[in-house]
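Coordinate analysis (summary)
Each chain, letter by letter, is given below.
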Amino acid sequence: MSLGVRWTLHGDGKTPAPGAVVRPDERLTWPRTFGLGAQHVVAMFGASFVAPVLMGLDPNLAIMMSGVATAIFLLATKGRVPSYLGCSLSFVGVAATIRASGGDSATVTGAVLVVGAALFLVGLAVQRFGARIIHAAMPPVVTGAVVMLIGFNLAPVTASTYWPQDQWTALAVMLFTGLAVVCLRGFLSRIAIFLGLVFGYVLSWVLDLVFGKIHSPAGGAEAVDHWRLDLSAVGQADWIGLPSFHAPAFEWSAILVALPVVIALVAENAGHVKAVGEMTGDPLDDKLGTAIAADGAASMLSTAVGGPPNTTYSENIGVMAATRVYSTAAYWAAACFALLFGLCPKFGAVVAAIPGGVLGGITVILYGMIGLLGAQIWLNGRVDLRNPLNLVPAAAGIIIGVGGVSLKITDNFELGGIALGTLVVITGYHVLRAFAPAHLKTQEPLLDAGTSAYDEKPGPEKS
């Protein structure tokens, strides 16, 4: 049985001809393949740096388990779906909510492990019944609304935790990162988050040299004098060593907060598999269930040892689009590099030292981008929000999720925020659809057209 770990040399293995594509079962020479693998690692660094830090988890373990997850994914899909699995940003809001209610790292990873198990089961169901079950249970109006509320739910984290630590550095990093995303081209635009982190690191170091300590909240409620960039832990860290592991803990309240993220992960995987299939010219619909199940299995393994969950990374898909090299050999090389980085505690200490002000500037853009991915899902699915069947559940769920509305069930059990918002969107849509008259299910505009009328070309004026 083929596991997708054999490759034929593309041409002479050096420089592909103009317009040529290096297919997943092909490779360039091994030095070039490892160079491409290093490029993939750099592309995923930005988000993979930020996500575990924001979730309060060990960045060394996150990087190491991203390599393990990528290997699992490549084996499961038998080398047909070239993709890198890195730490998922979709869980950052979940982790913040769990910690705000008194949970620790074990509680976070326990809740996310259950999400990984649910994702694995969804993948098996898709393998058995086909992708139509996803579209039936989670149409674009539902998926888009859930992704949107997950992203925008994070706004208070930036506003109250990171930005106040150094507002001027945060503003500078936000502006630099925004310019990098918009103005840079090719590969550099794909690592704009990473470049923003580097810029913020250097800026914080310069400001410490010039102005000394800053008086601001340093992760807590009270303002104190502290260095913007504290590298004391870097000097104490070893060059070689294992990351810190811990076992998960399971609490129902935390699990209910985390479960809605399954919807975002299914949407991410479906979009990525479709994108890769279009780029490689290989229809991958038959691998969608396998890809989702592999992501779930990899996340279960990572969280079982204390790491974060994983998902396919669009940054790496962008690198493939820019280079036209889709070889899975490059992803195996990237997985090996990630494992090596995970065995360097000094590297993890450098990541953990990212100043709060830098994270403030990065997360303003990053969290907003996560939320607006929901709007992109609506656009791609041509969701008509003038139809009240779409508008009502999406509007209610988003406000509940973003505003932190809660519903007290008993003295010890409460639903709120992401969990309640997702429940309202999903159940609200399907219940309303069951009772709605037939003309509401046609997706025709039923409310006042409003500004959408401006999209129409004006006709000749009538006298």
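Naming follows an unreviewed UniProt entry, where the protein appears as Nitrate reductase of Streptomyces badius. Its UniProt record, at the heading Sequence similarities (unreviewed entry), says of the protein: "Belongs to the nucleobase:cation symporter-2 (NCS2) (TC 2.A.40) family." UniProt lists a comment for the protein under the heading Subcellular location (unreviewed entry), and it reads "Membrane".

So, on to the overall build of the protein. Scanning the protein from terminus to terminus reveals 20 helices and eight strands. For the protein, buried positions account for 49% of its 463 residues. Accessible surface, the protein: about 21200 Å² in total, of which carbon and sulfur atoms supply 65%.

Here we come to unusual backbone geometry. Not every positive phi belongs to a glycine, and Lys 78 is a case in point at roughly 55°. In this fold, Lys 78 is placed in the loop between helix 2 (59–76) and strand 3 (85–87). For Arg 382, which is not a glycine, the phi torsion comes out positive at approximately 55°.

Attention shifts here to the packing of aromatic side chains. Evaluation of the coordinates by the stated rule reveals four aromatic pairs. Seen in terms of ring centroids, Trp 7 and Trp 30 are 6.0 Å apart; in terms of plane orientation they differ by 85°. Their pairing is edge-to-face. With a gap of 23 residues between them, Trp 7 in the segment before strand 1 (8–9) and Trp 30 in helix 1 (residues 30–55) connect regions that are remote in the sequence. Overall, the relative accessible area of 18% leaves Trp 7 in the buried class. The class of Trp 30 is partly exposed, set by a relative accessible area of 36%. Arranged with centres 6.1 Å apart and planes meeting at 50°, the rings of Trp 30 and Phe 34 form a pair that is tilted. Of this pair, Trp 30 and Phe 34 both sit in helix 1, four residues apart, roughly one helical turn. Each member of the aromatic cluster is reached from another via a ring pair, and the members are Trp 7, Trp 30, Phe 34 and Phe 337. Sitting over the ring of Trp 239, Lys 346 keeps its end group 5.1 Å from the ring centre.

With that settled, the discussion passes to the environment of Gly 235. Here Gly 235 shows up in helix 11 (residues 232–236). In sequence terms Gly 235 and Lys 346 are 111 residues apart; their C-alpha atoms lie 7.6 Å from each other.

Attention now goes to the pattern of salt bridges. Within this structure, the stated rule accounts for four salt bridges. A salt bridge links Arg 80 to Asp 286; its shortest N-O distance comes to 2.9 Å. Residue Arg 80 is located in the loop between helix 2 and strand 3, and its partner Asp 286 is located in the loop between helix 13 (261–280) and helix 14 (288–304); the two are separated by 206 residues in the primary sequence.

Looking now at a nonpolar patch on the surface. Together, Val 198, Val 202, Trp 205, Val 206, Leu 209, Val 210 and Phe 211 make up an exposed nonpolar region whose accessible area comes to about 710 Å². The class of Val 210 is exposed, set by a relative accessible area of 58%.

Note that Ser 244 resides in the loop between helix 11 and helix 12 (252–258). C-alpha of Ser 244 to C-alpha of Asp 58: the two residues are 186 residues apart in sequence and 6.8 Å apart in space.

Counting residues in each nonpolar core, the largest one holds 91 residues, and the members touching the most others are Met 55, Ile 362, Tyr 367 and Trp 378. Excluding its chain neighbours within four sequence positions, the residues that come into contact with Ile 362 are Val 50, Val 173, Thr 177, Ile 193, Gly 196 and Leu 197. Val 22, Leu 28, Val 325 and Ala 330 belong to the second largest nonpolar core, which has five residues in total.

The subject of this paragraph is the packing of helix 8 (residues 167–183) against helix 10 (residues 192–211). Taken N-terminus to C-terminus, the directions of helix 8 and helix 10 make an angle of 150°; their axes are 9 Å apart at the nearest point. Regarding the angle of helix 8 to helix 10, the classification is roughly antiparallel. The two elements helix 8 and helix 10 meet at a crossing, and its hand is right-handed. Contacts between helix 8 and helix 10 pair Thr 169, Ala 172, Val 173, Phe 176, Thr 177, Ala 180 and Val 181 from the former with Ala 192, Ile 193, Leu 195, Gly 196, Phe 199, Gly 200, Leu 203, Ser 204 and Leu 207 from the latter.

Let us look at helix 19 (residues 388–403). Look at helix 19: 22 Å from first C-alpha to last across 16 residues, which is about the 22 Å you get at 1.5 Å a residue. Residues of helix 19 that are buried: Leu 389, Asn 390, Pro 393, Ala 394, Gly 397, Ile 398, Ile 400 and Gly 401. The arc that holds the buried residues of helix 19, viewed along the axis, is 165°, so those residues lie on one side. In helix 19, the exposed positions that point more than 90 degrees away from the buried face belong to Ile 399 and Gly 403. The N-cap residue of helix 19 is Asn 387: its side-chain oxygen and the backbone nitrogen of Leu 389 are 3.0 Å apart.

Contact geometry for helix 7 (residues 155–162) and helix 18 (residues 356–380): axes closest at 9 Å, N-to-C directions at 165°. By the angle between their directions, the pair helix 7 and helix 18 is classed as roughly antiparallel. In the packing of helix 7 onto helix 18, the handedness of the crossing is left-handed. Residue-level contacts link Val 157, Thr 158 and Tyr 162 of helix 7 to Gly 356, Gly 357, Leu 359, Gly 360, Thr 363, Val 364 and Tyr 367 of helix 18.

Definitions and cut-offs
Residues numbered from 1 in each chain as written. Predicted model: local features only at pLDDT ≥ 70, side-chain atom pairs only at ≥ 80, totals over all residues. Heavy atoms only, no water. UniProt positions renumbered as here; feature names shortened; annotations may be inferred. Helix = DSSP H or I, 4+ residues; strand = E, 2+ residues; numbered from the N terminus. Buried < 20%, exposed > 50% of the residue type's maximum accessible area, 1.4 Å probe, protein only. Areas by Shrake-Rupley, 256 points an atom, 1.4 Å probe, with all protein chains shown as cover. Phe/Tyr/Trp six-rings, centres within 6.5 Å; stacked < 30°, edge-to-face > 60°. Lys NZ or Arg CZ within 6 Å of the ring centre and 35° of its normal. Salt bridge = Lys/Arg side-chain N within 4 Å of Asp/Glu carboxyl O. Patch = residues over 30% accessible without salt bridge, like charges linked within 9 Å, V, L, I, M, F, W, Y side chains within 5 Å. Core = buried A, V, L, I, M, F, W, Y, C linked by side-chain atoms within 4.5 Å. Contact = heavy atoms within 4.5 Å. Axes fitted to C-alpha atoms, helices over the stretch in contact; angles between N-to-C directions. Parallel < 35°, antiparallel > 145°, perpendicular 65-115°, else oblique. Left-handed = near helix turned anticlockwise from the far one by under 90°. Expected span 1.5 Å × (residues − 1). Arc of directions from axis to C-beta. Polar contact = N/O pair within 3.5 Å; in protein donor to acceptor, adjacent residues only side chain to side chain.

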